[in-house]
Amino acid sequence: MIEGGRAALSRERVLDVALELVQREGLEALTMRGLADRLGVRAASLYWHVRDRGELVALLAERLLGTVRPSATDGGWRERALAICSALERMV
């Protein structure tokens, strides 16, 4: 949905733009005001979609961890844990 020439604000869009910001400038650059500026909205508008910066970071972490696909291993828990760590390292 487009409103006034820009995409409507949603939690997914907030997360997409937040992830882009973190990838370009680092986690320390992620502020609610800076994110709002990139989205073309006021910071208060973000609070309809996320409670605060802490929740935003947690949601980003969940999204990133959801993309981690470790290689298949028939080993025990240690080998599976190492495979997950390797997959996470490759993603980061």
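Residues numbered from 1 in each chain as written. Predicted model: local features only at pLDDT ≥ 70, side-chain atom pairs only at ≥ 80, totals over all residues. Heavy atoms only, no water.

Caption draft 1: Fine view of the confidence of the model for the protein. When pLDDT is averaged across the protein, the result is 86; 91% of the residues are at 70 or more. Confidence, expressed as mean pLDDT per element, reaches its minimum in the protein at strand β1 (residues 2-3) with 53 and its maximum at helix α2 (residues 32-39) with 96. (pLDDT = per-residue confidence, 0-100. Helix = DSSP H or I, 4+ residues; strand = E, 2+ residues; numbered from the N terminus.)

Caption draft 2: Structural view of the side chain of E55. On the secondary structure map, E55 appears in helix α4 (residues 53-66). Exposure remark for E55: the relative accessible area of 17% places this residue in the buried category. E55 has contacts with R11 and V50, leaving out every residue within four places of it along the chain. (Buried < 20%, exposed > 50% of the residue type's maximum accessible area, 1.4 Å probe, protein only. Contact = heavy atoms within 4.5 Å.)

Caption draft 3: Representation of the packing of helix α1 (residues 11-25) against α2. Closest axis-to-axis distance for the α1/α2 pair is 10 Å, and the angle between their directions is 110°. Taken as axis vectors, α1 and α2 run roughly perpendicular relative to one another. In the packing of α1 onto α2, the handedness of the crossing is right-handed. Touching R13, V14, V17, A18, L21, R24 and E25 of α1 are L35, R38 and L39, all from α2. Class assignment for the residues of the contact of α1 with α2 results in 6 nonpolar, no polar and 4 charged. (Axes fitted to C-alpha atoms, helices over the stretch in contact; angles between N-to-C directions. Parallel < 35°, antiparallel > 145°, perpendicular 65-115°, else oblique. Left-handed = near helix turned anticlockwise from the far one by under 90°. Nonpolar A, V, L, I, M, F, W, Y, C, P; charged D, E, K, R; others polar.)

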